[in-house]
Structure formats: structure tokens, C-alpha cells
Amino acid sequence: MGRRLDRMGRDRMGRDRTSRDRTGRDRRGRAAGRAVAGVGMIAALALALAGCGSGGGAKKDDEGGGGGKGGSTAPTVRLPSLKGEKLQVTAVWTGPERDNFGKVLEEFEKRTGATVDFVPSGDDMAGFIGSKIAGGGPPDVAMLQQVGVLNEFAGKGWLKPLGAGAKAQLAKNYAKGWQDLGAHKGTPYGVYFKASNKSLVWYNARAFDNAGAKEPKTWPDFVKAAEVIAESGVEPVSVGGADGWTLTDWFENIYLSQAGPGKYDQLAQHRIKWTDPTVKQALTTLGQLFGRKDLLAGGNSGALQTDFPTSVTQTFSGGDAPKAAMVSSADFAAANITQTRARVGTDAKVFPFPAVGAKSPVVTGGDVAVALKDGKASQALLTFLASTDAAKIWAQAGGFISPNKELDQAAYADGVMREIAKALVAAGDDFRFDMSDQAPASFGGKPGQGEWKDLQDFLKNPKDVAGTQAQLEKDAAKSFGH
């Protein structure tokens, strides 16, 4: 086991040596023409979160679950013998996410005899893969966060189509919407192994109780709750502005709820400009928070120096004196919360992102596994990742939800994640994907440039709405080519 942990890049305690968690940018993934859940999913999510916000974790007799429905522990997919074969896999995951993915890869090794080396890509997955392709040594399998990157890579001929085994698992276990997200021009290339609901706000229950604050349902109520918490002596909102993708999530949730799905799809595809009045309205609304340094943990400058993992952990550390009371983040924040003493469902609770327009938004993201090399081992791993067997492993570990509709929901480690996962699966094909992940990587997926950089500049100077719009449009036009 020591050899395996070293090969997976972790120290003897099972912790990652790197300093930062990835998010999901999920952080990401997108699909033109798909997106936020409709009324059904919004209602399902609201009911689910209302039911689990005040409850504790899962009961012991609910834990474990089987690979598929019915709680069966027998393997649901047959894998070939790969003894002596080596496979290199890359993803942006670090910290708890990387550790938990390592458990999935270890099971694959156990069942096939293959040796899997994990190589972290860093946040710039597109740049990492591009450099490996240019050097003639790409990894066998990559976990991409962006639909835009999948389409870009497929268009360049870098990706290998899914084999029969992976396609069979995909057809059996995934709704058509998720299958379509992993395809390019009708050819299936990817398996969405990990999904995320990015329209959530996690909050410190004790900080809310001490301040007398209530879960807000609308944006004005959200701002009011932040003011009430500030008056209690706790800085209200933690923002991980050092990781620019977190700021795109703030914008997208506001924009989707305020401008609606139609405009969201148009902006995602750059069929309307970032100088559009709807963008001005969304940035102005976001400025109601970003323009109030008294509502941000550490003020604007502090937010710009806070990375995503810290934005979560500082919300749930410090007892009666946390550095913040709430953080807007996807479900995968649960993995970071477990690094504190807070318990998900009791100390750390969650509510849907507040409605800015008529309805609360639901933005999703995800990580899609693709093969960059032909080979029996690559296709076997994609087949495994499309199965309930692989999803069950991470679901039991926590900080994970799967779009795999055949996964027994009892596999989830706690009631909160179980209900979020149920709402995601219940949405079927009716959802919206993260907008920035639908864009070319040069605009929506690279640190220090494009949308990430432009929104960091906006966080620095929230009054400059017009200047932010102009820069966003300039960068988008360059990346989209129109």
C-alpha cells in the first residue's frame, strides 16, 4: 500500500502534498442549449434541501449501498485482465478529491492488474494537455472540466471515440443529456463521471443562529441576511477570488436567474455580446455584494487573496468566531468541510442559491473522462468510470455526486449529498451547464486571462461595470473568433 500511495502522490497520512484543492471548477463543463434545471428540478432541489438542511447525516444502515440498484455488492461490469499494462491519468483534483479518486483507481488496478499513475494537471488543463500532445507524450486518460475543451480537443483529433464497452455502460446508466454532453458532432468521446450542482450556498449554522439570520430565498433577502450577520460581528460572505472560476459561478447564477435560460444560452455561445444590457444588470446586482467590503470576509482585497479551499474551510472553523458565515459553492465543498470539525447537515447546512429573478437558478458542472490514446486499458478505465461500481466508491467516500442514474442512492455518505444527487438525477435531460465551461478555454478556463481575470478585476473595482463589460466582450470576441 505504501508504494501505491507514493505513486498516487500522497504522503503516508493519505493527504495530498499539493496545497490547493481543485474545484470542480467543476468546476466545470458545459453544453450549448442545455442548462439550468427547469421547474421540476428547482422544485425537487428546494424540497430536497429543505428536508436535509436541518437533518443529520445518513443512518448507518443506509450507508454502503451496492454498485447498482438494490444494494448488490457484486461487480456490475466485467473488465479485462490488464496485468503488466501501465496507464497514466490526469485531472485537476488535489487534496480530498484526489485522494477519493485514488480509491477509484486503486479498485480498477485491483480488478484488472494494471498500474495507474496519476498526474495532476493544475488548473490549466487545456494548456497541460496541449503541451503533452506537442511533446508526444499525452496521458492515456484525462478528466476534463469543460465541454468547450472536449469539443476543441475532439475537433483537433486528439480524442479517441468511446469503445463498445463504455458506450454500453453509458447507454445503460446515463440520461441522454449527459450522453450528449460527452459527444462531439454525434460521436461519443466522454463519460461524465463526476457532476456538481453549483447553485448552492453553504452556511455555518451556529453563526446564523447567533445572528438570528434565516435562510434567504431571494437576492434582497440574501443581502439582508448578510447585513444581519455583519452586525453580529461575523463577516458574512466568503469569496474565493484567488481562483477566478469561483467568480464566474457567482455571475452565472445571478445571470441565469435574472436574464433567464434563453439569454443564458445565447451569452454562453456568444450569440449576444457581453456589452448586452442583461450583462450590465447582472454585474450591477453582483456589485451589490462585491461593492460592500463589509459583507466580504477580509474585504475585497482579502477575497482576492483567498483560494477556493480556504473560502470553504474558513467558514466552518473558529467555533463562535469563524472568519465567515457562508460561502457560495457547489456540492463538492462538502469534501473541504470534512477537513474542519464541522458536520455536514448539522454544523454545515445548505440552501439553494437565492432567486434573483422569478426562480432560483440551478447551474451544473462536471468532469468528463476522455481517452487521448488508443488502447485496451484506456477503454477499460472509461468503461469502469461509466459503471455504478466506480461511482459507488467515491459516493461512499463523500464530497461527490454522480449523474449515473442507476447508482443506488444509499451509497452516498450522508443525507445532504444523497438528496442533492437525487435532485440531479431527477432532472433527467432538463438542466443547464456552467457557462464559462462552454466557452473556449482561452476565455472561460484559464487562470490569469479571459473571464477569470476580468471578474477578478471586477471584484477589485465593482463600480466599473461598463469597463468590465467592455473587457469581457473584447476577450470573448477574440476567443470565439466573432
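Scoring rules and cut-offs
Residues numbered from 1 in each chain as written. Predicted model: local features only at pLDDT ≥ 70, side-chain atom pairs only at ≥ 80, totals over all residues. Heavy atoms only, no water. Salt bridge = Lys/Arg side-chain N within 4 Å of Asp/Glu carboxyl O. Helix = DSSP H or I, 4+ residues; strand = E, 2+ residues; numbered from the N terminus. Buried < 20%, exposed > 50% of the residue type's maximum accessible area, 1.4 Å probe, protein only. Core = buried A, V, L, I, M, F, W, Y, C linked by side-chain atoms within 4.5 Å. Domains from an automatic or database assignment. Contact = heavy atoms within 4.5 Å. Pairing = 2+ DSSP bridges. Polar contact = N/O pair within 3.5 Å; in protein donor to acceptor, adjacent residues only side chain to side chain.

Caption draft 1: Quick peek at the pattern of salt bridges. Overall, the coordinates contain 15 salt bridges when judged by the stated rule. In this structure, Arg432 engages Asp265 in a salt bridge whose closest nitrogen and oxygen atoms are separated by 2.9 Å. On the criterion of sequence distance, the pair formed by Arg432 in strand β12 (residues 432-433) and Asp265 in helix α11 (residues 261-268) is long-range, its members being 167 residues apart. Pair check on accessibility: Arg432 and Asp265 agree, each one buried. Across the salt bridge formed by Glu419 and Lys422, the nearest N and O atoms sit 3.7 Å from each other. Here Lys422 and Glu419 lie together in helix α18 (residues 415-426), a separation of three residues that amounts to about one turn. A relative accessible area of 24% places Glu419 in the partly exposed class. One salt-bridge network, in which partners are shared between bridges, spans Lys198, Asp249 and Asp434.

Caption draft 2: Structural context of the nonpolar core. Residues Phe101, Phe108, Trp178 and Trp202 are the most contacted members of the largest nonpolar core, which totals 88 residues. Each of two domains, domain 1 (86-197 + 365-436) and domain 2 (200-361 + 439-480), supplies a minimum of three residues to this core. If sequence neighbours within four positions are ignored, Phe108 has contacts with Leu79, Leu82, Leu87, Gly113, Ala114, Val116, Ala377, Ala380, Leu381 and Phe384. In terms of nonpolar packing, the next biggest core, distinct from the first, is built from 49 residues, Val223, Ile254, Tyr264 and Val356 among them.

Caption draft 3: Focus on the pairing of strand β3 (residues 141-144). Along β3, one buried face is formed by Val141 and Met143 and the opposite face, lined by Ala142 and Leu144, is buried too. Note: strand β1 (residues 86-91) against β3, two bridges, orientation parallel. Following the sheet pairing, Thr90 is matched in β3 by Ala142. In terms of strand pairing, β3 meets strand β11 (residues 363-371) through four bridges, oriented antiparallel. Within β11, the residue paired with Ala142 across the bridge is Val370.

Caption draft 4: Fine view of unusual backbone geometry. Even without a glycine there, the phi angle at Lys185 is positive, about 50°. Phi angles above zero are rare outside glycine, and His270 is one such case at about 60°. Judged by relative accessible area, which is 5%, His270 ranks as buried.

Caption draft 5: Broad picture of the side chain of Gln456. Mapped onto the elements, Gln456 comes out in helix α21 (residues 450-460). Residue classification places Gln456 among the buried positions, given a relative accessible area of 16%. Separated by 2.9 Å, the side chain of Gln456 and the backbone oxygen of Gly241 make a polar contact. Once you skip the residues sitting within four places of it in the chain, Gln456 turns out to touch Gly241, Ala242, Asp243, Gly244, Leu247 and Leu304.

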